[in-house]
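Take a look at the letters that make up each chain.
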Amino acid sequence: MATNLQFIKSQSITSSVANISITDVFSANYNVYKIVADITSSSGDSDGSLQFIDASDNVETGSNYDWAMLIMKSETSFFEYKNTGQANMTALFHGTEQGSANTIYVYNPFSSSSYTFVQGQASGESGTNLRGYKNIGVFKLAESMTGFKLTFDVNATSGNINVYGVK
């Protein structure tokens, strides 16, 4: 399937932050969005949880998030991590001292008649060990979302987050 990516917004991380909100990126112009992020953390591995932001700039904190993740470790067996009825999608983005690469697709975030789905993948290092991640999730509230918030468990110190519409 050939796609065209339409650049929407870029947000740089230039100082140590615990969270970052990216607003006014989801609209009626696209049904699918691609979020590409490279994130470096201040010390050790960092997981970034995702929450959606509605048109009134309210962060959706209710227990409407279900998610699952497969962590593919180079030095040991793979690990599944999942939860339902949560206030965020835990560990959807990753950062390490060496940096990481994250790609997340978001489906129907602006639609007020369907749930919002996500799928993604990431890669990075944990010390000298390589990591791969595969993620899926659903936001089970049929409301129009216009942005998202990332909250890191270890401060992010640098990086770029780019949002694209998929045609």
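Residues numbered from 1 in each chain as written. Predicted model: local features only at pLDDT ≥ 70, side-chain atom pairs only at ≥ 80, totals over all residues. Heavy atoms only, no water.

**Student:** Can you lay out the overall build of the protein for me, pointing to particular residues and giving the numbers?
**Tutor:** Helix and strand counts for the protein stand at zero helices and 11 strands. Counting helices and strands in the order they occur from the N terminus, the protein gives β-β-β-β-β-β-β-β-β-β-β. Relative to its length of 167 residues, the protein is compact, with a C-alpha radius of gyration of 15 Å against a globular reference of 15 Å. Oriented by its inertia axes, the alpha-carbon framework of the protein measures out at about 45 × 35 × 30 Å. Within the protein, buried positions represent 41% of all 167 residues. The long-range share in the protein, meaning contacts at least 24 apart out of those at least 6 apart in sequence, stands at 73%. Per element, the accessible surface of the protein, about 7900 Å² overall, is 46% carbon and sulfur. Of the charged side chains in the protein, 9 are positive and 14 negative; the average position of the first set lies 6 Å away from that of the second. (Helix = DSSP H or I, 4+ residues; strand = E, 2+ residues; numbered from the N terminus. Rg over C-alpha atoms; globule rule 2.2 N^0.38 Å. Buried < 20%, exposed > 50% of the residue type's maximum accessible area, 1.4 Å probe, protein only. Contact = heavy atoms within 4.5 Å. Areas by Shrake-Rupley, 256 points an atom, 1.4 Å probe, with all protein chains shown as cover. Lys, Arg positive; Asp, Glu negative; His and termini not counted. Charge placed at Lys NZ, Arg CZ, Asp CG, Glu CD.)

**Student:** Please set out the packing of aromatic side chains residue by residue, giving values where relevant.
**Tutor:** This structure, assessed with the given rule, holds 10 aromatic pairs. Plain terms: the ring middles of Phe-26 and Tyr-33 are 4.8 Å apart, the flat faces sit at 65 degrees to each other, and that makes the pair edge-to-face. Summarising the aromatic geometry, the rings of Trp-67 and Tyr-81 are spaced 5.0 Å apart at their centres and angled 70 degrees between planes, so their arrangement reads as edge-to-face. You can see Trp-67 sitting in strand 5 (residues 65-73) and its partner Tyr-81 sitting in strand 6 (residues 79-86), a full 14 residues away along the chain. Taken together, the ring pairs connect Phe-26, Tyr-30, Tyr-33, Phe-52, Tyr-65, Phe-139 and Phe-148 into an aromatic cluster. (Phe/Tyr/Trp six-rings, centres within 6.5 Å; stacked < 30°, edge-to-face > 60°.)

**Student:** Pulling in residues and values, what's your account of the pattern of salt bridges?
**Tutor:** Applying the stated criterion to the full structure yields two salt bridges. Of the charged contacts, one joins Asp-66 and Lys-140 as a salt bridge, the two residues approaching to 3.0 Å between their closest N and O atoms. Taken as a pair, Asp-66 in strand 5 and Lys-140 in the loop between strand 10 (129-139) and strand 11 (145-166) lie far apart in primary sequence, 74 residues in all. Given the relative accessible area of 32%, Lys-140 is considered partly exposed. (Salt bridge = Lys/Arg side-chain N within 4 Å of Asp/Glu carboxyl O.)

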